[in-house]
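Architecture and fold: a report
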Amino acid sequence: MDLICSLLQFQIEKIVLFLLEQQGLLASRIAKLGEQHDALQQQPDISQISELREAYRAVGRDLLKLLFFVEINAIGLRKILKKFDKRFGYRFTDYYVKTRANHPYSQLQQVFKHVGVGAVVGAISRNLGDLQDRQGSYLSIYDQPALPLQDPVIDSIKAAVDRLTHSTNFLHFLAQHALIMQEELPTAVEEHVDDQRYHFMSLLLNLANTFLYMVNTYIVVPTADNYSMSLGAAATVCGVVIGAMAVAQVFSSVYFSAWSNKSYYRPLIFSSIVLFVGNTMYALAYDLDSIVVLLLGRLFCGLGSARAVNRRYISDCVPLKIRMQASAGFVSASALGMACGPALAGLLQINFKIYKITFNEDTLPGWVMAVAWLVYLIWLWISFKEPVRETQESNIQQESNAEPVENDALEKGLAQPLLLSSEDKQEDEDGDQDNDVSEEAPEESRGPATSIGSAYRLLTPSVKVQLLIYFMLKYAMEILLSESSVVTTYYFNWSTSTVAIFLACLGLTVLPVNIAVGSYISNMFEDRQILLASEIMVLIGILLSFNIIIPYSVPQYVCSGLIMFVSAEVLEGVNLALLSRVMSSRLSRGTYNGGLLSTEAGTIARVIADGTITLVGYLGESKLLNITLLPSLLICISSIIATFFTYNSLY
């Protein structure tokens, strides 16, 4: 290990010394331009001001090259550390970073925190801002930070700095929570193509689809047991009613993911139509007195699940500079929908008839969502813009040319980064993954996975453990939510409105919890520590939920449910953040991508949980709570053991 550290430190030192040299050259050029700037303030000359502005832009373009140099070397260092992690667990990265990141002579700070680059960026931005025509105003960017800098060089530098900055914050945490995977180093051409694809209203429609689908999923939870009984079935059949949507989603995720390779507009149109039909069937089941129609309606709703398209659209069509915000919006829309669904059900406590169609607390969720999807369909048809596809982008790529080299020393340094090229980097990383995969199709060794089987073979042991954790937390959360109406009615005689308020309050904890974890907790503890602590808290919540000795009370149920739900939310965010970092880059694209695998794992967990509720219901409602919690307990213990051995016993 000492030899590895020594060799790696030698390469980092070369990078840092070159970076400092180039920063010095840029600083010298800015200082000379500053002298000219001071002279022009005494005797303004329009032509000289224009020349000076171009000179600052030239420095800015060279700074962009330097930022690109830092970026590819930072990525190279992360990938080298990741390679050792795959062989020795996380011990090497922890050891290397802890012993060097906070050292007073740390050179890692120069690579990962780009120390000194910010001062150069600030000097160029300030001077270009001062030289802009502000209609006689001489306010500095420091006096008026909100003043827009329209110079494209400034915009490019800001985008490069944003891409280079990977500090933990709330938006970054939420973006990883969405598990919208992407390539680590997009080229300038790819960024230009992203701008061509981006359409704000289409992104808004995509997020609206996410929100409505989550509302659709949870709006039936408070009333599903009453609806089942009104059709002659047992109250615990609510598990099948709620879970039917998840069953269909197992299959819809795959075909929607494949469909998104060709179009985004048509899958969303199809999704809206199917969801409109499904909700209409759900609402009509009451007057038809048919549990079959009720279940078919929920199956149709599941067949309209376009979450794979929602994720793929953000990954493929949103520019990198705002992709993190869009990903955070995806998670926020999901959380808001999860809270609004039960809350809306609690408000729909009315009963009337129009002709022979009944509108009551059981059917109104279906009618409200049917109208919502119809309105959304019209909005989608009017406003959505289909992004340009790859065949249309080829002309853009052919027309793009590299800028002429203006700084020979900088260009020579760029020719020798820690990883020689982006293509070599990609081949090097995927080489390790392919050692574990059969060599049936070597020509596709760097391409995306072509089937669920090939995607599964790309999973390392740590990724499999994290998918197990995701399965566990989704199972535990689904048990808590889906059986809440039955359990609370049996033990506490809660009304539908009370159940709805309880579920809505749980949903409203999602964003505050993510803010706390993303902004504070993740800065104080390592992700692995938060992961294990969250699993233990989920276990405690499950144990407290059992009805064993003392009479079951509302405080016990509410507190244990809150502990379980909040801990599972923390666990989900941290788990997906880790998953997005260690999953193979080949799973960041194609039909069978990382987002699809995680969606399938969570959906299957929900299906099994809802099926368990219905099956256990035949034993009686008195035994429902304890028996359905047993699988949650066993899976949680298994995931804790797997986590402990994966992160502490692989070396």
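Residues numbered from 1 in each chain as written. Predicted model: local features only at pLDDT ≥ 70, side-chain atom pairs only at ≥ 80, totals over all residues. Heavy atoms only, no water.

Within an unreviewed UniProt entry, the label attached to the protein chain reads SPX domain-containing membrane protein, and the organism entered is Vitis vinifera. Per UniProt, the protein chain carries the Sequence similarities (unreviewed entry) text "Belongs to the major facilitator superfamily." Comment text from UniProt for the protein chain, heading Subcellular location (unreviewed entry), reads "Membrane". (UniProt positions renumbered as here; feature names shortened; annotations may be inferred.)

The next point concerns the overall build of the protein chain. Within the protein chain, the regular secondary structure consists of 28 helices and two strands. Within the span of the protein chain, comprising 651 residues, buried residues form 54% of the whole. Pairs at least 24 residues apart make up 83% of the contacts formed inside the protein chain by residues separated by at least 6 positions. Here the protein chain displays about 29,000 Å² of accessible surface, and carbon together with sulfur accounts for 62% of that area. (Helix = DSSP H or I, 4+ residues; strand = E, 2+ residues; numbered from the N terminus. Buried < 20%, exposed > 50% of the residue type's maximum accessible area, 1.4 Å probe, protein only. Contact = heavy atoms within 4.5 Å. Areas by Shrake-Rupley, 256 points an atom, 1.4 Å probe, with all protein chains shown as cover.)

With that out of the way, let us pick up the environment of Ala-516. For Ala-516, the location among the structural elements is in helix H24 (residues 510–524). Linking Ala-516 and Val-570, residues 54 residues apart in sequence, is a C-alpha distance of 9.3 Å.

The buried fraction of helix H14 (residues 307–317) is high, at eleven of eleven residues. Residues of H14 that are buried: Arg-307, Ala-308, Val-309, Asn-310, Arg-311, Arg-312, Tyr-313, Ile-314, Ser-315, Asp-316 and Cys-317.

Turning our attention to empty space enclosed by the protein. In this approach, a probe sized like a water molecule rolls over the atoms, and the result shows the empty space that is left. In this structure the tally under the stated criterion is five cavities of 30 Å³ or more. By volume, the largest cavity is sized at about 470 Å³. What lines the largest cavity is a set of 26 residues, among which Met-214, Arg-307, Tyr-470, Lys-474 and Glu-572 lie closest to the centre. For the lining of the largest cavity, the elements supplying multiple residues, two or more each, are helix H9 (200–218), H14, helix H15 (320–347), helix H21 (461–482), helix H26 (554–582) and helix H27 (594–617). Of the residues belonging to the lining of the largest cavity, the class tally is twelve nonpolar, seven polar and seven charged. (1 Å grid on protein atoms, 1.4 Å probe; cavity = no way out; pocket = protein on both sides within 12 Å on 5 of 7 lines; lining within 4 Å. Points joined across faces, edges and corners; volume = space filled by probe spheres on them. Nonpolar A, V, L, I, M, F, W, Y, C, P; charged D, E, K, R; others polar.)

Their axes nearest at 8 Å, the elements helix H12 (residues 265–288) and helix H16 (residues 364–383) cross at an angle of 160°. As far as their axial angle goes, H16 and H12 are roughly antiparallel. The crossing of H12 and H16 is left-handed. Residues Tyr-265, Leu-268, Ile-269, Ser-272, Ile-273, Leu-275, Phe-276, Asn-279, Thr-280, Tyr-282, Ala-283 and Leu-284 of H12 touch H16, and the partners they reach there are Gly-366, Trp-367, Met-369, Ala-370, Trp-373, Leu-374, Tyr-376, Leu-377, Leu-380 and Trp-381. Each residue belonging to the contact of H12 with H16 can be placed in one class, and the counts come to 18 nonpolar, four polar and no charged. (Axes fitted to C-alpha atoms, helices over the stretch in contact; angles between N-to-C directions. Parallel < 35°, antiparallel > 145°, perpendicular 65-115°, else oblique. Left-handed = near helix turned anticlockwise from the far one by under 90°.)

This paragraph deals with the packing of aromatic side chains. Counted according to the given criterion, the structure contains 25 aromatic pairs. Considering the side-chain rings of Tyr-264 and Tyr-313, the 5.4 Å spacing of their centres and the 85° angle between planes classify their relative orientation as edge-to-face. Of this pair, Tyr-264 sits in the loop between helix H11 (238–259) and H12 while Tyr-313 sits in helix H14, and the two are 49 residues apart along the sequence. Note on accessibility: Tyr-264 and Tyr-313 belong to one class, buried. Ring geometry for Tyr-265 and Phe-384: centres 5.9 Å apart, planes at 25°, overall stacked. Of this pair, Tyr-265 sits in helix H12 while Phe-384 sits in the loop between H16 and helix H17 (390–399); the two residues are 119 residues apart in sequence, bridging distant segments of the chain. Owing to a relative accessible area of 21%, Tyr-265 belongs among the partly exposed residues under this scheme. Of the aromatic side chains, those joined through ring pairs into one cluster are Tyr-490, Tyr-491, Phe-492, Trp-494, Phe-502, Tyr-552 and Tyr-557. (Phe/Tyr/Trp six-rings, centres within 6.5 Å; stacked < 30°, edge-to-face > 60°.)

Next up on the list: the pattern of salt bridges. Two side chains bearing opposite charge may form a pair once their charged atoms approach each other closely. Counted under the stated rule, the structure contains six salt bridges. Here the salt bridges share partners, and the residues they tie into one network are Arg-29, Asp-62 and Lys-65. (Salt bridge = Lys/Arg side-chain N within 4 Å of Asp/Glu carboxyl O.)

A few words on unusual backbone geometry. In this model, Asp-289 sits at a positive phi of 50°, which is unusual for a non-glycine residue. Structurally, the position occupied by Asp-289 is in the loop between H12 and helix H13 (291–303). Residues other than glycine seldom take positive phi values, yet Tyr-355 does so here, at roughly 60°. Mapped onto the fold, Tyr-355 is located in the loop between strand S1 (352–354) and strand S2 (357–359).

The next point concerns the packing of H12 against H13. In contact at an axis separation of 7 Å, H12 and H13 are set at 165° when each is read in the N-to-C sense. With respect to H13, the element H12 is oriented roughly antiparallel. Here H12 runs over H13; the crossing is left-handed. Mapping the contact onto sequence places Phe-270, Val-274, Leu-275, Val-277, Gly-278, Asn-279, Met-281, Tyr-282, Ala-285 and Leu-288 in H12 and Val-293, Leu-294, Leu-296, Gly-297, Arg-298, Phe-300, Cys-301 and Leu-303 in H13.

This paragraph deals with the environment of Asn-226. Relative to the helices and strands, Asn-226 is located in helix H10 (residues 224–230). A sequence separation of twelve residues divides Asn-226 from Cys-238, and the C-alpha atoms of the two residues are 8.4 Å apart. Not counting residues up to four positions away in its chain, the partners in contact with Asn-226 are Glu-361, Asp-362 and Thr-496.

Further remarks concern the side chain of Thr-496. Within the secondary structure, Thr-496 is located in helix H23 (residues 496–508). Judged by relative accessible area, Thr-496 falls into the buried class, the value being 9%. For Thr-496, the side chain forms a polar contact with the side chain of Asn-226, separated by 3.4 Å. In this structure Thr-496 touches Pro-222, Thr-223, Asn-226, Gln-349 and Glu-361, once residues within four positions along its chain are discounted. (Polar contact = N/O pair within 3.5 Å; in protein donor to acceptor, adjacent residues only side chain to side chain.)

Another point: H12. Taking 1.5 Å of rise per residue, 24 residues should cover 34 Å, and H12 covers 34 Å from first to last C-alpha, within 8% of that figure. Two residues or fewer past H12, Asp-289 is found with a positive phi of approximately 50°. (Expected span 1.5 Å × (residues − 1).)

Okay, a nonpolar patch on the surface next. Residues Ile-273, Phe-276, Val-277, Val-292, Leu-296, Phe-300, Leu-374, Ile-378, Trp-381 and Ile-382 make up a contiguous nonpolar surface patch of about 900 Å² in total accessible area. Taken together, the elements giving at least two residues each to the nonpolar patch come down to H12, H13 and H16. Among the elements that make up the nonpolar patch, the one with the highest residue count is H16 (four residues). Position of Ile-273 relative to the elements: it lies in helix H12. (Patch = residues over 30% accessible without salt bridge, like charges linked within 9 Å, V, L, I, M, F, W, Y side chains within 5 Å.)

Moving on, we get to the environment of Ser-202. Considering the arrangement of structural elements, one finds Ser-202 in helix H9. Given the relative accessible area of 0%, Ser-202 is considered buried. Taking C-alpha positions, Ser-202 is 8.1 Å from Glu-386, a pair spaced 184 residues apart along the chain. Contacts of Ser-202, omitting those with residues within four sequence positions, involve Tyr-313, Ser-383, Phe-384 and Lys-385.

Moving on: the nonpolar core. In this structure, Tyr-376, Leu-473, Val-538, Ile-542, Phe-565 and Leu-587 are the most contacted members of the largest nonpolar core, which totals 115 residues. In terms of residue count, the dominant contributor to this core is H21 (14 residues). Counting residues in hydrophobic clusters, the runner-up holds 23 residues, among them Ile-15, Leu-66, Phe-69 and Ile-124. (Core = buried A, V, L, I, M, F, W, Y, C linked by side-chain atoms within 4.5 Å.)

So, about the confidence of the model for the protein chain. Averaged over the protein chain, the pLDDT score is 78; the fraction of residues at 70 or greater is 73%. For the protein chain, the element scoring lowest by mean pLDDT is helix H19 (residues 422–435), at 42; H16 scores highest, at 96. Across residues 134–149, confidence stays below pLDDT 50; counting only partners more than four residues off in sequence or on other chains, it has 22 contacts. Throughout residues 183–193 the model reports pLDDT below 50, and contacts reaching past four residues in sequence, or to other chains, amount to 24 contacts. (pLDDT = per-residue confidence, 0-100.)

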